[in-house]
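Given next are the chains, with one letter for each unit.
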Amino acid sequence: MHIRLSQRAGWAGGQPISDLMSRALENPHLISLAAGFVDQQTLPVEPTRRALEAVFASEAEARTALQYGSTPGFVPLREQILERIRETDGPEAIGPPPTLEQIVLTAGSNQLLHLVAESLMDPGDIAICTSPTYLVFLGTVKHLGGRAVGVAMDAEGMIPDSLDQTLRRLERAGELPRVKLIYLVPYFDNPCGVTTSQTRRAEIVELARRWSKQTKIHVIEDAAYRELRYAGEDVPSTRTVDPDGDTVVVAGTFSKSYSPGIRVGWGVLPKHLIRPVCDLKGNIDFGSPNFAQHMMAKVLEQGKYAAHVESVRAGYREKLQAMLESAEEHFARLPGVEWRRPQGGLYVWATLPETIGAGPAGRLFNQAIREGVFYVPGEFCYPPEGEPIRKSAMRLSFGVQSPDRIRQGMAALARAIEHVM
Ligand SMILES: Cc1ncc(COP(=O)(O)O)c(C=O)c1O
């Protein structure tokens, strides 16, 4: 019998990263600086146990939590998210404050990103991303049959002039109506650790509005790492520089700050996207797991969340420091090796001289494995169109390993680089 899979199944396939991860998991002795997982040791066992007990303290509440929920999600949790937005961004916003109906809960922010992209993109449509960007979102765009076009970035995020030039070029090619969204990870992005400045955010929103000639161009703010800040001041959401509140979509999550196993994310949607996103979601699952949403609501209600996030930050601050100090110690003497120094998130981005390929088939990757360490090859994080793909970059994650293992891993990586130089 001939099995004929859908075109979409074909588009969804070929994710190089899953291959790499299974290769790594086969050898538990390797120090993985690859996985973007959160630290196993800091997962919130106690606060979650207390929340669970509280949900089960009342039989009626337990039964409600064990039942299906609604498509947009559990109202008390949505109210608490709204309250947190008011506290963090309220006074800064130039546009209208979001309402409860604009908050939609999802199974992690990835689902929200997918639903928004699917609501906007037909095959052949274009998503503009920084070059490099979050590789899973590139997979989402590919799966939808869309095109991801990369725009240059620097230490302040996506470069507005490059965005403007890209849009101009697409207009000349008659492709402007196909541009549906600009995707940003403006807090300690994955993979570069860069935070987009407030000025840049405003310029990007302004460009999205100006270039929305025939088709509306949305800006998606993926704020996955916003709460993982270890130094400096928080930057208000890109939503605060959206004058009408109809251009920016925010994707938030409790995965990084609390627990990815509970997997609750949310969206702050412009009003016109609530209906399409909920229609799609209605067809997929008519609501993400209600139990997880009750648990998260209880955690917030019990007031244990902020203290937990603070303790998580303290742990990662130490790990980031371990990675940056090791980079200073081992990389600084290697000619042409450079790295960014983020103030938060889970990643350090390092670049090598262009002649050293860091890809999975290259000499460095294999030598690194021989030395007992591995990383995510930076080339996986580049949109296929737009800016050139840099083959000599590495995404180094400091989330999972202990400071000691990070130091060992960085020393091993430096030996591997030296060997191939
Ligand atoms: C930039 C970015 N966005 C979104 C996510 C997805 O998180 P979740 O779906 O667990 O909320 C991740 C996870 O690694 C990420 O790095």
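Within every chain, residues take consecutive numbers counted from 1 along the sequence as written. Totals for whole chains, interfaces and linings use every residue, but because this is a predicted model, local features are given only for residues with pLDDT of at least 70 and side-chain atom pairs only at 80 or more, for both listing and counting. As a rule here, side-chain values cover all heavy atoms of the structure and leave hydrogens and water aside.

Q: Break down the sheet that holds strand S10 (residues 338–339) for me, with residues and values.
A: Taken in spatial order, the 4 strands line up as S10-S11-S15-S13 in an open sheet, and their pairing is antiparallel. A strand with exactly one partner marks an edge of an open sheet, and here the two such strands are S10 and strand S13 (376–377). Pairing between strands is defined by DSSP: at least two bridges between them are needed. Strands are runs of DSSP state E lasting at least two residues, helices are runs of H or I lasting at least four, and both sets are numbered from the N terminus onward. Bridge count for S10 against strand S11 (residues 347–351) is 2 bridges, and the pairing is antiparallel. Paired with Trp339 across the two strands is Ala350, which belongs to S11.

Q: Go over the site of the ligand, please, and point to the residues and values.
A: To be near a molecule or strand, a residue needs just one of its heavy atoms within 4 Å of it. Near the ligand you find 13 residues, and of these Ser109, Asp222, Tyr225, Thr253 and Ser255 are the closest. One of the side-chain N or O atoms of Asn190 is found 2.9 Å from an oxygen atom in the ligand. Here an oxygen atom of the ligand and a side-chain polar atom of Tyr225 are 2.6 Å apart. Burial of the ligand by the protein chains amounts to 93% of its free accessible area of 400 Å². For the shell around the ligand, the element with the highest residue contribution is helix H6 (residues 108–120), accounting for 3 residues. Residues are grouped as follows: Ala, Val, Leu, Ile, Met, Phe, Trp, Tyr, Cys and Pro are nonpolar; Asp, Glu, Lys and Arg are charged; all remaining types, including Gly, are polar. Looking at the shell around the ligand residue by residue, the class counts come to 4 nonpolar, 6 polar and 3 charged. Pairs of N or O atoms are called polar contacts if they sit within 3.5 Å, as long as, within protein, a hydrogen donor faces a hydrogen acceptor (for residues adjacent in sequence, only side-chain-to-side-chain pairs). Reported accessibility uses the Shrake-Rupley method at a 1.4 Å probe radius. Residues are deemed covered only where the shown protein chains occlude them.

Q: Tell me what's going on with the pattern of salt bridges, and back it up with residues and numbers.
A: The salt bridge definition used is simple: a Lys or Arg side-chain nitrogen within 4 Å of an Asp or Glu carboxyl oxygen. Evaluated as defined, the whole model comprises 31 salt bridges. Several salt bridges converge on common partners, so that one network encompasses Glu46, Arg49 and Arg50.

Q: Can you break down the packing of helix H4 (residues 59–66) against helix H11 (residues 290–301) residue by residue, with the values?
A: Here an axis means a line fitted to C-alpha atoms, over the contact stretch when the element is a helix, while the angle between two N-to-C directions is reported on a 0 to 180 degree scale. Two numbers describe how H4 lies on H11: the axes approach to 7 Å, and their chain directions differ by 130 degrees. As summarised for this structure, H4 and H11 are arranged oblique, according to the angle between their axes. From H4, Glu61, Thr64, Ala65 and Leu66 reach across to H11, where they touch Asn290, Phe291, His294 and Lys298. Residues belonging to the contact of H4 with H11 are distributed by class as follows: 3 nonpolar, 3 polar and 2 charged. With respect to orientation, any angle under 35 degrees is reported as roughly parallel, any angle over 145 as roughly antiparallel, any angle of 65 to 115 as roughly perpendicular, and every other angle as oblique. We call two residues in contact when some of their heavy atoms are within 4.5 Å.

Q: With reference to specific residues and values, describe helix H10 (residues 271–284).
A: Under the 1.5 Å per step criterion, the end-to-end length of H10 is 21 Å for 14 residues, consistent within 8% with the ideal 20 Å. Taken together, the buried residues of H10 touch strand S2 (103–106), H6, strand S7 (218–222) and strand S8 (248–253). At the C-terminal side of H10, Phe286 shows a positive phi close to 35 degrees. The length a helix should cover is 1.5 Å for every residue beyond the first.

Q: How would you summarise the domain arrangement of the chain if you had to cite specific residues and measurements?
A: According to the domain assignment, the chain consists of domain 1 (7–43 + 307–420) and domain 2 (48–301). Look at where the C-alpha atoms of domain 1 and domain 2 centre, and you get two points 25 Å apart. The partner domain 2 presents 43 residues to the 37 residues of domain 1 that form the contact. When two parts are put together, the accessible area they lose, computed with a 1.4 Å probe and summed over both, is reported as buried area. Taken together, both faces of the contact between domain 1 and domain 2 bury some 3,300 Å²; the carbon and sulfur share is 58%. The largest per-residue losses of area from domain 1 upon contact with domain 2 belong to Arg8, Trp11 and Gln343, which jointly make up 18% of the total buried on that side. Inspection of the domain 1/domain 2 interface yields 2 salt bridges. Here Glu118 ties to Arg8 by a salt bridge, and the two come within 3.5 Å at their closest N and O atoms. The tally of links from domain 1 across to domain 2 stands at 18 residue pairs in polar contact (both at pLDDT 80 or more). With 7 residues, the top contributor of residues to the side of domain 1 that touches domain 2 is helix H12 (residues 305–331). Residue composition of the side of domain 1 that touches domain 2, grouped by class: 21 nonpolar, 9 polar and 7 charged. How far each domain reaches was decided by an automatic or database domain assignment.

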